[in-house]
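Each chain is listed here by its residues.
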Amino acid sequence: MSPGDPPSAGTTSVEETDDGIVVADRWTYRWAASRRPRVHPVRTPAGHVLTRDAPDDHPWHHALWFTIKFVDGDNFWEEYDAYGVLRHDGPPSVVTAAGGVVALQGRLEWIRPDRSTVALVEDRTLTHVPLGPDAYAIDLDTTLVPGADCRLERTPFTTWGGYGGLTLRGAGDWTDTRLMVDDGSTHDRVLGATSRWCDLTGRPAGAADGAVAGIALLDHPGNRRHPVPWYASTRADTYGDDGWSNFLNAAFLWHDGMDLAAGEGLRVRHRVIVHDGEWPRERLDTAWADLHDWG
């Protein structure tokens, strides 16, 4: 099935737009964004939008996105002064499989601030996986390959920092959120604690009384530095307002940067579960165990 083709029974709809691909009427991959590809909006099965793109406090935050702070000192995170960009070389291909599974596959170039030098080539796959009436997954499977020896780095954490990798910026009207990690504890902030997964759940805008929804990021057991350190907050002064920051990052460079040799591939895999209702620790543990099926 190609983007724009009508779905048949038992399939997942895929629609091409001017700047992206809409999957299952639930999430849009904006692959043609000029600075960073991103997934936005992300809707729960009940239709609640849980992401926001380019908020005033951090306009380089892009809903659900993947990038790294520094490559050899070049900034691929903030979008002011000199910064690098991530650009697809064309529309991602669409591959369908049984059970409503849909994969978007594409190649990106990480272009340095001079807008000509390619620091990394990335092969990225985003896969939609139905999980039942109350949830679905977006699986990220991506491999970064440098053309020359390079170093991936972050700003060391002081009162902020440590971030890079797969990141979520949740909607500001997604309120009363809490973070939960794999020991079952809940938090307003998580600063470098390691966990196999981290879940952000709260009340989305317009939800009925008591209704909640969430997004869980799961760290694949095959990732380097698994289990990943997390940098996350429901509310934090870092974001410059009194609202709900809803920031969640699988910060694999939290403790140290990483050197890659020319031609060495760095594979990163995560599952993003978008769910209505509150998922208990046991259900998230079971979902993480299912990642072993990826191989």
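Refer to the structure printed above.
What counts and what doesn't
- Residues numbered from 1 in each chain as written.
- Predicted model: local features only at pLDDT ≥ 70, side-chain atom pairs only at ≥ 80, totals over all residues.
- Heavy atoms only, no water.
- Core = buried A, V, L, I, M, F, W, Y, C linked by side-chain atoms within 4.5 Å.
- Buried < 20%, exposed > 50% of the residue type's maximum accessible area, 1.4 Å probe, protein only.
- Salt bridge = Lys/Arg side-chain N within 4 Å of Asp/Glu carboxyl O.
- Helix = DSSP H or I, 4+ residues; strand = E, 2+ residues; numbered from the N terminus.
- Polar contact = N/O pair within 3.5 Å; in protein donor to acceptor, adjacent residues only side chain to side chain.
- 1 Å grid on protein atoms, 1.4 Å probe; cavity = no way out; pocket = protein on both sides within 12 Å on 5 of 7 lines; lining within 4 Å.
- Points joined across faces, edges and corners; volume = space filled by probe spheres on them.
- Nonpolar A, V, L, I, M, F, W, Y, C, P; charged D, E, K, R; others polar.
- Pairing = 2+ DSSP bridges.

Enquirer: Please clarify how the nonpolar core should be interpreted in this entry.
Expert: One finds W27, W110, L152, I215 and L248 to be the most contacted residues of the largest nonpolar core, which totals 55 residues. Grouped together as the second largest cluster of nonpolar side chains are 13 residues, A135, L218, I273 and W279 included.

Enquirer: What should I look at first to understand the pattern of salt bridges in this one?
Expert: Where charged atoms of side chains with opposite charge meet at close range, the side chains can pair. The final tally for this structure, using the stated rule, is 24 salt bridges. Residues D19 and R30 are paired through a salt bridge, measuring 3.0 Å at the closest nitrogen-oxygen approach. With a gap of 11 residues between them, D19 in the loop between strand 1 (14–16) and strand 2 (21–23) and R30 in strand 3 (residues 27–30) connect regions that are remote in the sequence. The network of salt bridges with common partners includes R151, E153, R154, D256 and D259.

Enquirer: Before we go on, may I ask you to explain the side chain of R169 in this structure?
Expert: Residue position: R169 is located in strand 14 (residues 165–169). The class for R169 is buried, based on a relative accessible area of 0%. Side-chain polar atoms of R169 contact the side chain of D57, separated by 2.9 Å. Polar contacts involving the side chain of R169 include one to the main-chain carbonyl oxygen of S245, which spans 2.7 Å.

Enquirer: Please explain the layout of surface pockets as it appears in this structure.
Expert: In this structure, the largest pocket encloses a volume near 160 Å³. Every residue along the wall of the largest pocket is listed here: H58, W60, H61, W77, E78, W160, Y163, Y231, T238, Y239 and F247. Residues belonging to the lining of the largest pocket are distributed by class as follows: seven nonpolar, three polar and one charged.

Enquirer: I keep staring at the pairing of strand 10 (residues 102–111) and nothing clicks. Help me out?
Expert: Remark: a regular strand shows side chains that alternate across the two faces of the sheet. Of all 10 residues in strand 10, seven are buried; the element is thus mostly enclosed. Pairing geometry for strand 8 (residues 85–88) and strand 10, over four bridges, is antiparallel. Considered in strand 10, the bridge of R87 is made with E109. Judged from the four bridges that link them, strand 9 (residues 93–96) and strand 10 form a sheet pairing that is antiparallel.

Enquirer: Sorry if this is basic, but what is going on with the pairing of strand 3 here?
Expert: One ladder, built from three bridges, connects strand 2 with strand 3; its direction is antiparallel. In the sheet register, V23 faces strand 3, and the bridge partner there is W27. Between strand 2 and strand 3, which pair antiparallel one after the other, the connecting turn spans three residues, and A24 there sits at a positive phi close to 60°. By the bridge criterion, three bridges tie strand 3 to strand 4 (residues 38–42) in an arrangement that is antiparallel. The partner of Y29 across the bridge, within strand 4, is V39.

Enquirer: So what exactly am I meant to see when it comes to empty space enclosed by the protein here?
Expert: With a probe scaled to a water molecule rolled over the atoms, the places where space remains empty come into view. Tallied over the entire structure, the rule returns two cavities of 30 Å³ or more. The space that makes up the largest cavity amounts to roughly 90 Å³. Together, 13 residues line the largest cavity, and V39, L64, L126, L140 and L166 are the ones closest to its centre. Elements with a minimum of two residues in the lining of the largest cavity: strand 4, strand 5 (64–67), strand 11 (118–130) and strand 12 (135–146). Among the elements that make up the lining of the largest cavity, the one with the highest residue count is strand 5 (three residues). Its residues assigned to classes, the lining of the largest cavity shows 11 nonpolar, no polar and two charged. The computed volume of the second largest cavity comes to approximately 70 Å³. Lining of the second largest cavity is provided by D219, N223, R224, V228, A250, F252, L266, R267, V268 and H270.

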